Amino acid sequence: MEQQTPQVEVKPVDKAKVKNFLKVMWYLALITAVEFGIAFTVPHEHKWIRIIVFIALTIVKAYYIVSEFMHLGHEKKSLKMSIVLPMLFVVFFIFIMIYQGGAILEVLY
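The shown structure was predicted, so the numbers you read here are calculated from the model rather than taken from an experiment.

### Describing the overall build of the protein
When helices and strands are counted, the protein shows 3 helices and 0 strands. Helices (α) and strands (β) of the protein occur, in sequence order from the N terminus, as α-α-α. Taken over C-alpha atoms, the radius of gyration comes to 22 Å for the protein, far larger than the 13 Å a tight globule of 109 residues would show. On the principal axes, the C-alpha backbone points of the protein span a range of 80 × 35 × 30 Å. Classification of the 109 residues of the protein by burial places 13% in the buried group. For the protein, long-range pairs separated by at least 24 residues make up 56% of all intrachain contacts whose partners lie at least 6 apart in sequence. Carbon and sulfur atoms provide 70% of the accessible area of the protein, an area that totals close to 9,700 Å².

Below, the structure written as structure tokens:
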């Protein structure tokens with residue numbers, strides 16, 4: 001019995017996909033560079049401003065990653081918001097927990 005070898009067809013590189021990937025990569029690299037710049041330049045006295053900026057930039061990066069790599073960028077707005085809004089509530093809840101935890105520590109010590 002003779003075995004058949006499947007034909008493999010090599011397609012040329014889709015330049016639009018490569019360009020879109022590079023655009024996403026540079027966009028995320030720029031946001032990360034801004035985060036690093038803030039981490040090393042903003043004085044420690046303004047830690048709340050730094051924390052809020054970090055959270056905001058992290059949400060922007062997460063939204064962009066979900067939009068591009070999970071292919072939700074071309075979906076309806078209601079579907080995108082059903083994914084992003086619960087994440088915002090979780091971040092807000094964690095922020096409140098950290099703030100209240102600090103207040104409890106101040107009272108105890």
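Here the narrative resumes, following the displayed structure.
### Focus: the layout of surface pockets
Of the voids in this model, the largest pocket is the one considered here, and its volume is about 210 Å³. Along the walls of the largest pocket sit K17, N20, F21, V24, S67, E68, F69, H71, G73 and H74, which together make up its complete lining. Looking at the lining of the largest pocket, the elements with two or more residues in it are α1 (15–41) and α2 (47–69). For the lining of the largest pocket, the residue count by class is 3 nonpolar, 5 polar and 2 charged.

### Side note on the confidence of the model for the protein
Scored by pLDDT, the protein comes out at a mean of 83, with 96% of its residues at no less than 70. Across the protein, element-level confidence peaks in α1 with a mean pLDDT of 90 and bottoms out in helix α3 (residues 77–108) with 80.

### A word on α1
With 27 residues, α1 extends 38 Å from end C-alpha to end C-alpha; this agrees with the ideal 39 Å at 1.5 Å per step. Burial in α1 covers these residues: V24, L28, I31, E35 and I38. Considering only its buried residues, α1 is in contact with α2.

### Details of the packing of aromatic side chains
Using the criterion set out here, one finds 4 aromatic pairs in the structure. Between W48 and F95, the ring centres sit 5.7 Å apart and the planes meet at 85°, which makes this aromatic pair edge-to-face. Placement of the pair is W48 in helix α2 and F95 in helix α3, with a sequence separation of 47 residues. With a relative accessible area of 27%, F95 lands in the partly exposed category.

### Some details on a nonpolar patch on the surface
On the surface, V13, V18, F21, L22, M25, W26, I65, F69 and M70 cluster together into a nonpolar patch covering about 910 Å² of accessible area. Among the secondary structure elements, those contributing two or more residues to the nonpolar patch are α1 and α2. Among the elements that make up the nonpolar patch, the one with the highest residue count is α1 (5 residues). Relative to the assigned elements, F69 resides in helix α2.

### Concerning the side chain of K61
Tracing the backbone shows K61 in helix α2. With relative accessibility at 18%, the residue K61 sits in the buried group. Beyond its immediate chain neighbours, meaning those up to four positions away, K61 contacts L28, I31, T32 and E35.

### Describing the environment of A33
Within the secondary structure layout, A33 lies in helix α1. Residues A33 and V10, spaced 23 residues apart in sequence, show a C-alpha to C-alpha distance of 37 Å.

Reading guide: rules and limits
Residues numbered from 1 in each chain as written. Predicted model: local features only at pLDDT ≥ 70, side-chain atom pairs only at ≥ 80, totals over all residues. Heavy atoms only, no water. Helix = DSSP H or I, 4+ residues; strand = E, 2+ residues; numbered from the N terminus. Rg over C-alpha atoms; globule rule 2.2 N^0.38 Å. Buried < 20%, exposed > 50% of the residue type's maximum accessible area, 1.4 Å probe, protein only. Contact = heavy atoms within 4.5 Å. Areas by Shrake-Rupley, 256 points an atom, 1.4 Å probe, with all protein chains shown as cover. 1 Å grid on protein atoms, 1.4 Å probe; cavity = no way out; pocket = protein on both sides within 12 Å on 5 of 7 lines; lining within 4 Å. Points joined across faces, edges and corners; volume = space filled by probe spheres on them. Nonpolar A, V, L, I, M, F, W, Y, C, P; charged D, E, K, R; others polar. pLDDT = per-residue confidence, 0-100. Expected span 1.5 Å × (residues − 1). Phe/Tyr/Trp six-rings, centres within 6.5 Å; stacked < 30°, edge-to-face > 60°. Patch = residues over 30% accessible without salt bridge, like charges linked within 9 Å, V, L, I, M, F, W, Y side chains within 5 Å. Salt bridge = Lys/Arg side-chain N within 4 Å of Asp/Glu carboxyl O.

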